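Now for the letters of each chain:
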Amino acid sequence: MATNTIDAALVQKMFLAGAKNLESKKEWINDLNVFPVPDGDTGTNMTLTIMSAAKEVSAIANPNMENLSKAISSGSLRGARGNSGVILSQLLRGFTKEMKGVSEITVETLALATSRATETAYKAVMKPKEGTILTVAKGISDKAAEIASQTDDIEEAMRIIIEHAEYVLSKTPDMLPVLKEAGVVDSGGQGLVVVLKGMYDALTGKVTDFSITESKPSNEQTVPGAGKGAAVENVDIKFGYCTEFIIMLDKEFDEKTEADFKAFLTSIGDSIVCVALDDIVKVHVHTNHPGQAFEKALEYGQLTKMKVDNMREEHNQKVVAQSELQAAAAKQAMEKNSEAEQKKAEPAKDFGFITIAPGSGIAEIFKGLGVDEVIEGGQTMNPSTEDILNAADKINAKTIYVLPNNSNIILAANQAASIVEDKELIVIPTKTVPQGITAMINFETTRSAKDNGDAMTDSLSTVKSGQLTYAVRDTSIDGKEIKKDNYLGLGDKGLAAVGTDMDETLLEMIESMMSDEAELISVYYGADIEEAAAEAVVSKIEEKFPDVDVELQFGGQPVYYYIVSVE
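To keep things clear, this report deals only with the structure shown in the data block. Values in this document were obtained by computation on a predicted structure and should not be read as measured data. (Residues numbered from 1 in each chain as written. Predicted model: local features only at pLDDT ≥ 70, side-chain atom pairs only at ≥ 80, totals over all residues. Heavy atoms only, no water.)

Describing the overall build of the protein chain
Now for step 1: For the protein chain, the helix and strand inventory stands at 21 helices and 16 strands.
Now for step 2: Counting across all 567 residues of the protein chain, residues that qualify as buried make up 55%.
Now for step 3: The long-range fraction of contacts in the protein chain, counting pairs at least 24 apart against all pairs at least 6 apart in sequence, stands at 72%.
Now for step 4: Within the structure as shown, the protein chain displays about 26000 Å² of accessible surface, and the carbon and sulfur contribution to it stands at 48%. (Helix = DSSP H or I, 4+ residues; strand = E, 2+ residues; numbered from the N terminus. Buried < 20%, exposed > 50% of the residue type's maximum accessible area, 1.4 Å probe, protein only. Contact = heavy atoms within 4.5 Å. Areas by Shrake-Rupley, 256 points an atom, 1.4 Å probe, with all protein chains shown as cover.)

Printed below as a string of structure tokens:
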């Protein structure tokens, strides 16, 4: 029997099934990355992006196209990580723009929605490249438009569309020679096909489990003492219920409304955290009357993720320990929120800075250069759009410069810049840590915001960057044969050196970066390198390049043994 329409309840299940299928195959997708380095992250980024939306979608008790569209679009937009994640969020955003206006999805709706998805995603990328996830998305929308005139059966249409998507995916190596040489298809395109297959399995009844478990970034911060199982004794709690929930706003929640709501929460409890973000408000309060908090919150919108823990249950050591952990986290968040409120009360300064740093040493270097907020991450964990928005919210400045220091974070930074309303975010397209440091050095307080942005961007061409890591599989890139565990030197334009000896490979990489104008080599050694070993390799660099100054600094970055700049 033909299936001619899909209602909201089935759309909800299909989306969750697509997300779960992607999550289950993320490591396989990671392994498709062209460069065989240990931070292959396409599958991880796409999974964290779609799971951000899936958590909101799964919380909807009475789904309709409008509330599903809102959850999918806003959840994926804020949770977007990496280029592949941002493009996926834009595909979902475009699709839901068409979906929210109908009560049921037909084959014709599918064609219109996939076309709008492709159009939205292409517009989000400054220089779209074929042979990528965008090409697969275009193949999907083209086939959907073609099939709309041939059948009304959505099940048949999706089967044909997925078959065509797999065909387009198989052709991506013909469009990008680097894929063909590495022997892989495009990882982002593969991720998109995996999502579609999961959705199709839900449509046909092959999948029936739609439960979502939270997928967390590997660099997520934890409260000191968490997980140690320490007993809590003689707990004297004034307010007994740790209450948490999210308000899905359906009316304006301005500064006055937020202040009034916080005042009400203060009247019934303590340890209050109330953070408004776009169309949701995250709330935490310790109170003896959780119901009163819920009732008041219902005045502003629907509630989701409601959680109440009885902190007086001392007989259950695990529950008490967890409650104390949440209280500590709430206190920490409250203190940070209080500091942010105090900063907002002060006159805004002209300029602020956000940067992404892959190691503690590099973070300290940026702070020393005047950066306000350092987001930990980079190669091993790309921060999300929401991470950048949260950092911007902490800075009381009229103009904030964002230094991504990674080509895979620039799109997320641009997306954050397009969302923020109360200040201007200017993204300096730094692709490496050395570029970020150079940009900061070239900032001058006497310039205008635009002139500084132009000068910082122009300065990026004055520095060459290199990174030394290792291969996780056999492959071939730029005509160089790579074996698993080989050392890899990656330059600004790709693979610069391959070898079995770390120091020799590093020297070969640096040699490829040198020019007659070079005056300074800066070496940042990683978490896995001892200082003595780093000093020894600097001696070799000085011996090989005697006319150039060499500086050594602790970077603390994981995975990459050395980050090097030549200026």
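Observations regarding unusual backbone geometry
Now for step 1: In this model, D485 sits at a positive phi of 80°, which is unusual for a non-glycine residue.
Now for step 2: Among the structural elements, D485 can be located in the loop between strand 11 (480-482) and strand 12 (487-491).

A closer look at the side chain of T96
Now for step 1: Looking at the secondary structure, you find T96 in helix 5 (residues 82-99).
Now for step 2: The residues touching T96, leaving out its near neighbours within four places in the chain, are S69, I72 and S73.

Considerations on the packing of aromatic side chains
The description of an aromatic ring pair rests on the distance of the ring centres and on the angle between the ring planes.
Now for step 1: The full count for this structure, using the stated rule, is twelve aromatic pairs.
Now for step 2: For the pair F245 and F294, a centre-to-centre distance of 5.3 Å together with 70° between the ring planes defines the contact as edge-to-face. Placement of F245 in strand 1 (residues 241-249) and of F294 in helix 13 (residues 290-297) is noted, with a sequence separation of 49 residues between them.
Now for step 3: Ring centres 5.7 Å apart and planes at 25° place the aromatic pair F353 and Y401 in the stacked group. Of this pair, F353 sits in strand 5 (residues 349-357) while Y401 sits in strand 7 (residues 397-403), and the two are 48 residues apart along the sequence. Both residues of the pair, F353 and Y401, count as buried.
Now for step 4: Put simply, the rings of F351, F353, Y401 and F443 pair up and form one aromatic cluster.
Now for step 5: Its end group placed over the ring of F264, K296 keeps NZ or CZ at 5.6 Å from the ring centre. (Phe/Tyr/Trp six-rings, centres within 6.5 Å; stacked < 30°, edge-to-face > 60°. Lys NZ or Arg CZ within 6 Å of the ring centre and 35° of its normal.)

Quick word on the environment of P434
Now for step 1: Residue position: P434 is located in helix 18 (residues 433-441).
Now for step 2: Relative accessible area serves as the criterion here: at 2%, P434 is assigned to the buried category.
Now for step 3: Between the C-alpha atom of P434 and that of S522, which follows or precedes it by 88 residues, the distance is 8.5 Å.
Now for step 4: Beyond its immediate stretch of four places on either side in the chain, P434 contacts V463, S465, I563, V564 and S565.

Examining helix 1 (residues 8-24)
Now for step 1: Its 17 residues give helix 1 an end-to-end C-alpha distance of 24 Å, which sits within 8% of 24 Å, the value for a rise of 1.5 Å per residue.
Now for step 2: Of all the positions in helix 1, only A8, V11, Q12, M14, F15, L16, A17, G18, A19, N21 and L22 are classed as buried.
Now for step 3: Tucked inside the fold, the buried residues of helix 1 contact helix 2 (26-30), helix 3 (42-58), helix 4 (65-79), helix 5, helix 8 (154-170) and helix 11 (187-203). (Expected span 1.5 Å × (residues − 1).)

A short note on the sheet that holds strand 14 (residues 520-525)
Now for step 1: The strand order across the open sheet built from six strands is 13-12-9-16-14-15, with neighbouring strands paired in mixed fashion. Each end of this open sheet is capped by a strand with a single partner; those strands are strand 13 (494-499) and strand 15 (549-554). Strand after strand, the sheet turns through a mean of 20° between neighbouring axes, direction not considered.
Now for step 2: Sheet analysis places strand 12 next to strand 13, joined by five bridges and oriented antiparallel. What sits directly across from L490, in strand 13, is L495.
Now for step 3: Here helix 18 sits on the sheet in contact with strand 9 (464-470), strand 14 and strand 16 (562-566), set at roughly 50° to strand 16.
Now for step 4: Packing against the sheet, helix 21 (residues 531-544) makes contact with strand 14, strand 15 and strand 16, and its axis sits at approximately 165° to strand 15. (Pairing = 2+ DSSP bridges. Axes fitted to C-alpha atoms, helices over the stretch in contact; angles between N-to-C directions.)

What to know about the side chain of Q190
Now for step 1: Within the secondary structure layout, Q190 lies in helix 11.
Now for step 2: Accessibility expressed as a relative area gives 11% for Q190, which makes it buried.
Now for step 3: Residues contacting Q190, with those up to four places away along its chain left out, are W28, I29, L32, L169 and V185.

Side note on the sheet that holds strand 5
Now for step 1: The parallel open sheet is built from four strands, whose spatial order is 6-5-7-8. Each edge of the open sheet is held by one strand with a lone partner, namely strand 6 (373-376) and strand 8 (424-427). Taking the axes of each pair of neighbouring strands and ignoring which way they run, one obtains an average angle of 20° across the sheet.
Now for step 2: Where strand 5 lies against strand 6, four bridges are found, and the strand directions are parallel. Of the residues in strand 6, the one forming a bridge with T355 is V374.
Now for step 3: Across the sheet, helix 15 (residues 360-368) touches strand 5, strand 6 and strand 7, and the angle it forms with strand 5 is around 165°.
Now for step 4: Across the sheet, helix 19 (residues 449-459) touches strand 5, strand 7 and strand 8, and the angle it forms with strand 7 is around 10°.

Digging into the packing of helix 7 (residues 133-147) against helix 11
Now for step 1: Two elements in contact, helix 7 and helix 11, have axes separated by 7 Å at closest approach and are oriented at 40°. By the angle between their directions, the pair helix 7 and helix 11 is classed as oblique. Where helix 7 crosses over helix 11, the handedness of that crossing is right-handed. Here helix 7 contributes I133, V136, A137 and I140 to the contact with helix 11, which in turn contributes G188, G189, L192, V193 and L196.
Now for step 2: Of the residues assigned to the contact of helix 7 with helix 11, the class counts are seven nonpolar, two polar and no charged. (Parallel < 35°, antiparallel > 145°, perpendicular 65-115°, else oblique. Left-handed = near helix turned anticlockwise from the far one by under 90°. Nonpolar A, V, L, I, M, F, W, Y, C, P; charged D, E, K, R; others polar.)

Focus on the pairing of strand 13
Now for step 1: Burial runs high along strand 13: five of the six residues are buried.
Now for step 2: Hairpin remark: strand 12 followed by strand 13, antiparallel, with two residues in the connecting loop.

A word on the pairing of strand 3 (residues 280-287)
Each regular strand carries side chains that alternate between the two faces of the sheet.
Now for step 1: Extensive coverage of strand 3 is indicated by the burial of seven of its eight residues.
Now for step 2: With eight bridges joining them, strand 1 and strand 3 adopt antiparallel strand pairing. Residue pairing in the sheet places Y241 in a bridge with T287 of strand 3.

Topic: the pattern of salt bridges
Now for step 1: Scanning the entire structure with this criterion turns up 21 salt bridges.
Now for step 2: Residue K138 pairs with D142 through a salt bridge whose shortest N-O separation is 3.1 Å. Residue K138 and its partner D142 are located together in helix 7, separated by four residues, close to a single helical turn.
Now for step 3: Take K138: its relative accessible area is 38%, and that puts it in the partly exposed class.
Now for step 4: Of the charged contacts in the structure, one is a salt bridge between E166 and K197, with a shortest N-O distance of 2.5 Å. Taken together, the residues E166 in helix 8 and K197 in helix 11 connect sequence positions 31 residues apart.
Now for step 5: With relative accessibility at 32%, the residue E166 sits in the partly exposed group.
Now for step 6: Owing to a relative accessible area of 34%, K197 belongs among the partly exposed residues under this scheme. (Salt bridge = Lys/Arg side-chain N within 4 Å of Asp/Glu carboxyl O.)

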